[in-house]
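Topology and contacts: notes
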Amino acid sequence: KQKTAYEIRLSLVGSEMCIRDRYQRRVRGLFFRHTMTKPNKPPKKGISVSSLTSPDKDGWLTKQGGSWKNWKRRWFVLKSDSLYYFKLKSDTEETGIIELTRESVVREEPKKKKFAFSITTSPDAKRIYYMFPDNASDTQDWLNALNNAIEKKKASGGGSSSGGASASSQTNNTNYQGSSPVSPSYQTQNNYSSKPKGSNPRDKLNLAKDSIPFLQDQENRVLEFWMIWSESIPPSEDLQAGFSIDYHLAVSASMEKLTWRTAGPQNIFIQKMVDFFWNVGAPESEIDRLNDVGALINPMKIGSWIDMSSKGGMDGGWFFPVSIPIKLALEAADPGEPATKLKQWADKHAVRLVSV
């Protein structure tokens, strides 16, 4: 039976998750002490469609989402250097705003979608916006209007290189290379162009992902799930001397079912792990369970795992790769028949230490 994204099961020292919109849950201090907070998103301005009279350009565009890479149709209004978008033409508040700067770049993206174009607000922007109209002539009209707005911004001397938007959470971190704002080249943060491809664990992780056929579809929710998980793995630069990050991948013979695991020092893993579980929709009670069990065991290393299949199955959880007394393991376990049977078995065979 293929698990759904909303199933939760009993485990000895672990938990599973479902899917929800992204925002951050904060750890307070070390060793599993945390509280939940929403991220610092720029506030909406409360701009209605009707208030944006005499726009420079408006019309329907289909935009790619920031967290989940799905495409949604939105009503866009360009007014001066602000590109507003709404769910409906009658909306009284914007869904998001893309603020143009003098260093913003717009360009056609025919490989992304038919008639598509992109907006990069500044060289250090953490997100590239992709969208497309219904026909080629509209693409050119939008490019002309957006470039005119950018040129006016340059002429006025306004804007800054920081740019931004008040839309949903930011993904697709990029670094700017080259001096020309007209034809820049972009490199994803995990590309490590200065080293041969595959020379570090994160490169190898991406190479493994690229070898799985069903993870090649850029609009696949399973791929997005994998990307959110991989972003939760701390960079090797965060490691102290003598410590390491473990990776493990198990693949079925048909390459249709996979299990990914990673583990490392608690102090650099815990916040990113909690953020990952919150972002993919783990119930708050399950995240609290991670906190409670972690405080009880206080492991040096912690880890996360995800399962996936070509049929869209997604599952995941956390684990502590440590050896502990059986008594402590049973204290950490959810009460019920599995824990009772484990205790009976351990007593019968005089088991005193377990690895989890």
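Thresholds, definitions, all that
Residues numbered from 1 in each chain as written. Predicted model: local features only at pLDDT ≥ 70, side-chain atom pairs only at ≥ 80, totals over all residues. Heavy atoms only, no water. Pairing = 2+ DSSP bridges. Helix = DSSP H or I, 4+ residues; strand = E, 2+ residues; numbered from the N terminus. Axes fitted to C-alpha atoms, helices over the stretch in contact; angles between N-to-C directions. Salt bridge = Lys/Arg side-chain N within 4 Å of Asp/Glu carboxyl O. Buried < 20%, exposed > 50% of the residue type's maximum accessible area, 1.4 Å probe, protein only. pLDDT = per-residue confidence, 0-100. Contact = heavy atoms within 4.5 Å. Phe/Tyr/Trp six-rings, centres within 6.5 Å; stacked < 30°, edge-to-face > 60°. Lys NZ or Arg CZ within 6 Å of the ring centre and 35° of its normal.

We now examine the sheet that holds strand 14 (residues 257-265). The strand order across the open sheet formed by 4 strands is 13-14-15-16, and the pairing between neighbours is antiparallel. The open sheet is flanked by strand 13 (246-251) and strand 16 (314-319), the only strands paired with a single partner. Recorded for the sheet is a direction-independent mean angle of 10 degrees between the axes of neighbouring strands. Two strands pair when backbone bridges link them, and strand 13 and strand 14 are joined in this way by 6 bridges, in the antiparallel orientation.

Here we come to the pattern of salt bridges. Tallying each qualifying case throughout the model produces 9 salt bridges. Of the charged contacts, one joins Lys341 and Glu337 as a salt bridge, the two residues approaching to 3.0 Å between their closest N and O atoms. Taken together, the residues Lys341 and Glu337, both in helix 7 (residues 337-348) and 4 residues apart, mark about one turn of the helix. On the basis of relative accessibility, which here comes to 52%, the residue Glu337 falls in the exposed class. Residue Lys343 pairs with Asp347 through a salt bridge whose shortest N-O separation is 3.0 Å. Here Asp347 and Lys343 lie together in helix 7, a separation of 4 residues that amounts to about one turn. Here Lys343 falls in the partly exposed class, since its relative accessible area comes to 43%.

On to the confidence of the model for the protein. Of the residues in the protein, 74% have a pLDDT of 70 or more, and the chain-wide mean is 76. Confidence drops under a pLDDT of 50 for residues 1-41, and excluding neighbours within four residues, the segment shows 140 contacts in the predicted structure.

A complete count under the given rule lists 9 aromatic pairs for this structure. On the basis of an interplanar angle of 55 degrees and a centroid distance of 6.2 Å, the ring pair of Trp229 and Trp260 is categorised as tilted. Taken together, the residues Trp229 in helix 3 (residues 221-231) and Trp260 in strand 14 connect sequence positions 31 residues apart. Its relative accessible area of 0% is what places Trp229 among the buried residues. The class of Trp260 is buried, set by a relative accessible area of 1%. Connected via pairs of aromatic rings, a cluster forms that spans Phe76, Tyr85 and Trp142. The ring of Trp142 has Lys57 sitting right over it, with the charged end atom 5.4 Å from the ring centre. Directly above the ring of Tyr130 sits Lys112, whose terminal nitrogen or CZ lies 4.5 Å from the centroid.

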